[in-house]
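Examination of the molecular architecture
One letter stands for each residue in the lines below.
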Amino acid sequence: MPVNIEGIREFARLAREPSELVRHARGNIGLWLTLIAVAAAAVFMLMSGTKFAVGAATLFAIWAILAVSLNLVVGYTGLLSVGHVGFFGIGAYTMAVLTSEAPYEQLRTGVIPTFGWPFFAVLPLCIVLAGLAALIVGVVFNRFRDDIFVLVSFGFAIIAYSVFLNLRSVTRGAFGIHEIVRPQIGAWTFDGNVAFLLLALVFLGFVMLISWFITTSSFGRVLTAIREDEQAIEVFGYQATHFKLAVWVISAMMAGLAGGLFASWTRFIDPNSFILLESVLLVSIVILGGLASIWGSLLGAMAFVLLEEGMRFLPFIPTEYTGQARQVVLGILLVLLMLFRPQGLVGRFRL
């Protein structure tokens, strides 16, 4: 992987000249936004207690994987997809169906076959099945662009939700699947919250490394060129449809990974976890953090988790209205961003 020698030299030069470093920091709004977001997250976590902090950090890691994966499609390639939640659900249900050992026949609500496979045996299947689904639908989606692509991805999200809800012989429909197993290596089970958080962070680092390698390679430069002018890149002999399909499948596989982690962490899933609103929220996270920025995806996920979990502690908002209040605040933030910083917090491109 290439090393940015010029960037290292520039940092060393700034370190030798404190006044120049201060001047550079003043003009770097992304740096300040990053520091503010990280400081706010740290203070909020410390004030809320260790158990809450670990849970929120785990949720952040899962949503960050999703945001980074979607940013490869929306930010770098310019394909606005609102169907990513479908791949997330495929990964989650694969993990749930193959690892659950609950005695459903005693619940009188719906019986599905149980397999009791271990977590690490199923996780690769979560990734592969999500990628396979993306390959199948991607062959069709590649025929569309711009607004039509948004509409067909919207349709895929609805179809995925309908399958999760109505394929009761596999998913138990609205009753959901519970007693999903936690990861286990030998006699050691990742049953504790801290242990699962560390595992989620390892997978997040792995996804970030792959994404960084993609975006800094010639493959990533072609994706950015497709975003700017797809027809122009084809003049130079590149098959844009092949590159779009490849990044679409890679992104879906990452979403499948996040889905498998999510199912194992919550130990219960139902179709309501994969409604279209969740996909809209995911797109909002990517826009909020910044398009074509891996670090921006992390910032967007962090802001979302702080908003998602932090508003429960506001005394002037009744508990039954917390969900609606989150959506209102997130909508206001997006409107303000579109007005004053349309590229997001640390993004490279405008939507």
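Our subject is the structure listed above.
Note that the structure is predicted; figures quoted are calculated from it, not measured. (Residues numbered from 1 in each chain as written. Predicted model: local features only at pLDDT ≥ 70, side-chain atom pairs only at ≥ 80, totals over all residues. Heavy atoms only, no water.)

This paragraph deals with the overall build of the protein chain. Summing up its helical and strand segments, the protein chain has 15 helices and four strands in all. Per-residue burial for the protein chain yields a buried fraction of 50% across its 351 residues. Here the contacts in the protein chain between residues at least 6 apart in sequence split such that 77% fall between residues at least 24 apart. (Helix = DSSP H or I, 4+ residues; strand = E, 2+ residues; numbered from the N terminus. Buried < 20%, exposed > 50% of the residue type's maximum accessible area, 1.4 Å probe, protein only. Contact = heavy atoms within 4.5 Å.)

It is worth spelling out the packing of aromatic side chains at this point. Scanning all chains against the criterion turns up 19 aromatic pairs. A network of ring pairs unites the aromatic residues F87, F141, F149, F156 and W248 as a single cluster. (Phe/Tyr/Trp six-rings, centres within 6.5 Å; stacked < 30°, edge-to-face > 60°.)

What follows concerns the packing of helix α13 (residues 276-289) against helix α15 (residues 322-340). As a packed pair, α13 and α15 sit with axes 11 Å apart at the nearest point and diverge in direction by 40°. Crossing of α13 against α15: the hand is left-handed. Contact with α13, carried on its side by L277, L281, S284, I287 and L288, involves Q327, L330, L334, L337 and M338 of α15 and no other residues of that element. Per-class residue counts for the contact of α13 with α15 are eight nonpolar, two polar and no charged. (Axes fitted to C-alpha atoms, helices over the stretch in contact; angles between N-to-C directions. Left-handed = near helix turned anticlockwise from the far one by under 90°. Nonpolar A, V, L, I, M, F, W, Y, C, P; charged D, E, K, R; others polar.)

On to the side chain of T215, then. Tracing the chain through its elements places T215 in helix α9 (residues 193-216). Relative accessible area serves as the criterion here: at 16%, T215 is assigned to the buried category. A polar side-chain atom of T215 sits 3.2 Å from the main-chain carbonyl oxygen of W212. With near-sequence residues (within four places) excluded, T215 lies in contact with L72, Y76, G220 and I294. (Polar contact = N/O pair within 3.5 Å; in protein donor to acceptor, adjacent residues only side chain to side chain.)

Right, let's get into empty space enclosed by the protein. Where empty space is left in the structure can be found by rolling a water-sized probe over the atoms. Under the counting rule described, the total for this entry stands at one cavity of 30 Å³ or more. By volume, the largest cavity is sized at about 40 Å³. Around the largest cavity, the lining residues are L79, G138, F141, N142, F149, K244, L245 and W248. Of all elements in the fold, only α6 (119-141) and α12 (240-266) reach the threshold of two or more residues within the lining of the largest cavity. Per element, the largest residue contribution to the lining of the largest cavity is three residues, and it comes from α12. The class makeup of the residues in the lining of the largest cavity is five nonpolar, two polar and one charged. (1 Å grid on protein atoms, 1.4 Å probe; cavity = no way out; pocket = protein on both sides within 12 Å on 5 of 7 lines; lining within 4 Å. Points joined across faces, edges and corners; volume = space filled by probe spheres on them.)

Attention now goes to a nonpolar patch on the surface. On the surface, a nonpolar cluster with roughly 780 Å² of combined accessible area is contributed by F115, W117, L125, L129, L132, L135, I136, V139 and V140. Relative to the assigned elements, F115 resides in the loop between α5 (84-99) and α6. (Patch = residues over 30% accessible without salt bridge, like charges linked within 9 Å, V, L, I, M, F, W, Y side chains within 5 Å. Areas by Shrake-Rupley, 256 points an atom, 1.4 Å probe, with all protein chains shown as cover. Salt bridge = Lys/Arg side-chain N within 4 Å of Asp/Glu carboxyl O.)

With that out of the way, let us pick up helix α4 (residues 50-76). With 27 residues, α4 extends 36 Å between its outermost C-alpha atoms, agreeing within 8% with the 39 Å of an ideal straight helix rising 1.5 Å per residue. Remark: the principal bend of α4, roughly 35°, maps to L70. Of all 27 residues in α4, 24 are buried; the element is thus mostly enclosed. Looking one or two residues past α4, G78 carries a phi angle of roughly 80°, positive in sign. (Expected span 1.5 Å × (residues − 1). Bend = angle between axes of the 7 residues up to and from the residue.)

With 99 residues, the main nonpolar core has F87, W248, I269 and F274 as its most contacted residues. For this core, the element with the most residues is α4, which contributes 17 residues. (Core = buried A, V, L, I, M, F, W, Y, C linked by side-chain atoms within 4.5 Å.)

Inspection of every chain in the model, using the stated rule, returns one salt bridge. Here K244 makes a salt bridge to E230, at a shortest N to O gap of 3.3 Å. With K244 in helix α12 and E230 in helix α11 (residues 230-235), this residue pair connects regions lying 14 residues apart in the sequence. With relative accessibility at 1%, the residue K244 sits in the buried group.

The next subject is the environment of N166. Here N166 lies in helix α7 (residues 146-166). Distance from N166 to P271, taken between C-alpha atoms, is 9.4 Å for residues 105 residues apart in sequence.

Within the fold, I275 resides in the loop between β4 (268-269) and α13. When the C-alpha positions of I275 and F164 are compared, they lie 10.0 Å apart, and in sequence the two are 111 residues distant. Non-local contacts of I275, meaning those with residues more than four positions away in its chain, are made with V85 and Y161.

Between the first and last C-alpha of α5 there are 23 Å, a value that for 16 residues agrees with the 22 Å anticipated at 1.5 Å per step. Burial within α5 is extensive, with 16 of its 16 residues counted as buried.

Once that is clear, we can look at unusual backbone geometry. Residue R267 is not a glycine yet carries a positive backbone phi of 65°. For R267, the position within the fold is in the loop between α12 and β4. Judged by its relative accessible area of 34%, R267 falls in the partly exposed class. Even without being a glycine, A292 presents a positive backbone phi close to 60°. Take A292: it is sitting in the loop between α13 and α14 (294-310). We classify A292 as buried; its relative accessible area is 2%.

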